[in-house]
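As a plain string of letters, each chain reads:
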Amino acid sequence: MRTARLRTVHPVLWAGWAALAAGAVLCVLGWYGVSGERFAERQLPYLASCTVPGAALIVAGAVLLTHGRVTVAATRVEELYGLLVSVEAADAEEPGRAALAPVAVSGELRMVPGGTLLHRADCPLVAGKAEAVPVDGRLLADGDLEPCPICEPGEAAED
């Protein structure tokens, strides 16, 4: 899947680099020709035949490189999405597979002073944080704290 898509992008990148190189060469040739002429009317042919097309090739090369890199990035995102979808489909096809383990299972409840959420002690949001303190029974009775959507301490709060 990946190689077929990326092969179409590489020519765009190579064309961009080639256009940049050719544009740079034409600009240098135009500058060299203009620098050798004293009168403006003798410099114009060099500007018209080398410098202007060289600048146009540089702009075209930059556009091609940008387009190629955006296409490479989009291809990688599509590939990652395809992998994610295939993993989810494989998980759905295995009926004997156990459900995902809960994030937190501790019965001890914690809160962060000034916070509005009630957490289990092993919730990833409060685990190992010194500012997380045991929940005051008064706050539990008042219902001021909402259960954390990650560790879902609803069952522990009822115990």
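Our subject in this report is the structure included herewith. Predicted model only: the values in this text are computed from it and were never measured.

A tally of helices and strands in the chain yields four helices and four strands. Start at the N end of the chain and walk to the C end: the helices and strands fall as α-α-β-β-β-α-β-α. The buried share among the 159 residues of the chain stands at 21%. Total accessible area on the chain is roughly 11,000 Å²; 65% of this is exposed by carbon and sulfur atoms.

Below, the discussion takes up the pairing of strand S2 (residues 117–120). With two bridges connecting them, strand S1 (residues 109–111) and S2 associate as antiparallel partners. Looking at S2, one finds that Leu109 is bridged to Arg120. Between S1 and S2, which pair antiparallel one after the other, the connecting turn spans five residues, and Gly114 there sits at a positive phi close to 85°. Bridge analysis of S2 against strand S4 (residues 146–147) gives two bridges, and the strand direction is parallel. Residue pairing for S4: Leu118 is matched across the bridge by Pro147.

A few words now on the sheet that holds S2. Note on sheets: strands pair through backbone hydrogen bonds, and any given pair is parallel or antiparallel. Read across the sheet, four strands follow the order S3-S1-S2-S4 without closing on themselves; strand pairing throughout is mixed. Since the sheet does not close on itself, it has two edges, and those belong to strand S3 (133–134) and S4, each with one partner. Pairing geometry for S1 and S3, over two bridges, is antiparallel. From the neighbouring strand, Arg110 faces S3, where its bridge partner is Pro134.

Okay, the environment of Gly33 next. Relative to the helices and strands, Gly33 resides in helix H1 (residues 2–35). Spatially, the C-alpha atoms of Gly33 and Leu47 are 8.5 Å apart, while their sequence positions differ by 14 residues.

So, about the state of the cysteines. Evaluated as defined, the whole model comprises zero disulfides. The closest cysteine sulfur to the non-disulfide-bonded Cys27 is located on Cys50, 8.9 Å from its own sulfur. Its relative accessible area of 22% is what places Cys27 among the partly exposed residues.

For the rest of this paragraph, the subject is the nonpolar core. Listed in full, the six residues of the largest apolar core are Leu109, Met111, Leu118, Val135, Leu139 and Leu145. Beyond its immediate sequence surroundings of up to four residues, Val135 is in contact with Leu109, Arg110, Met111, Leu118, Leu140 and Leu145. By size, the runner-up hydrophobic cluster in this structure holds five residues, among which are Cys123, Val126, Ala132 and Cys151.

This brings us to a nonpolar patch on the surface. A surface patch of nonpolar side chains, amounting to about 300 Å² of accessible area, comprises Tyr81, Leu84 and Val85. With respect to the helices and strands, Leu84 occurs in helix H2 (residues 40–93). In this structure Leu84 comes out as partly exposed when scored by relative accessible area, which is 45%.

Here we come to the environment of Leu57. Note on placement: Leu57 falls in helix H2. The partly exposed category is assigned to Leu57, whose relative accessible area is 30%. Remark: the alpha-carbon pair of Leu57 and Ala19, spanning 38 residues in sequence, is separated by 5.3 Å. Not counting the four nearest positions on each side in its chain, Leu57 is found in contact with Ala19, Leu20, Ala22, Gly23 and Leu26.

This paragraph deals with the side chain of Arg120. Within the element layout of this structure, Arg120 appears in strand S2. At a separation of 3.1 Å, a polar atom in the side chain of Arg120 contacts the main-chain carbonyl oxygen of Cys151.

Each value, and the rule that gives it
Residues numbered from 1 in each chain as written. Predicted model: local features only at pLDDT ≥ 70, side-chain atom pairs only at ≥ 80, totals over all residues. Heavy atoms only, no water. Helix = DSSP H or I, 4+ residues; strand = E, 2+ residues; numbered from the N terminus. Buried < 20%, exposed > 50% of the residue type's maximum accessible area, 1.4 Å probe, protein only. Areas by Shrake-Rupley, 256 points an atom, 1.4 Å probe, with all protein chains shown as cover. Pairing = 2+ DSSP bridges. Disulfide = S-S within 2.5 Å. Core = buried A, V, L, I, M, F, W, Y, C linked by side-chain atoms within 4.5 Å. Contact = heavy atoms within 4.5 Å. Patch = residues over 30% accessible without salt bridge, like charges linked within 9 Å, V, L, I, M, F, W, Y side chains within 5 Å. Salt bridge = Lys/Arg side-chain N within 4 Å of Asp/Glu carboxyl O. Polar contact = N/O pair within 3.5 Å; in protein donor to acceptor, adjacent residues only side chain to side chain.

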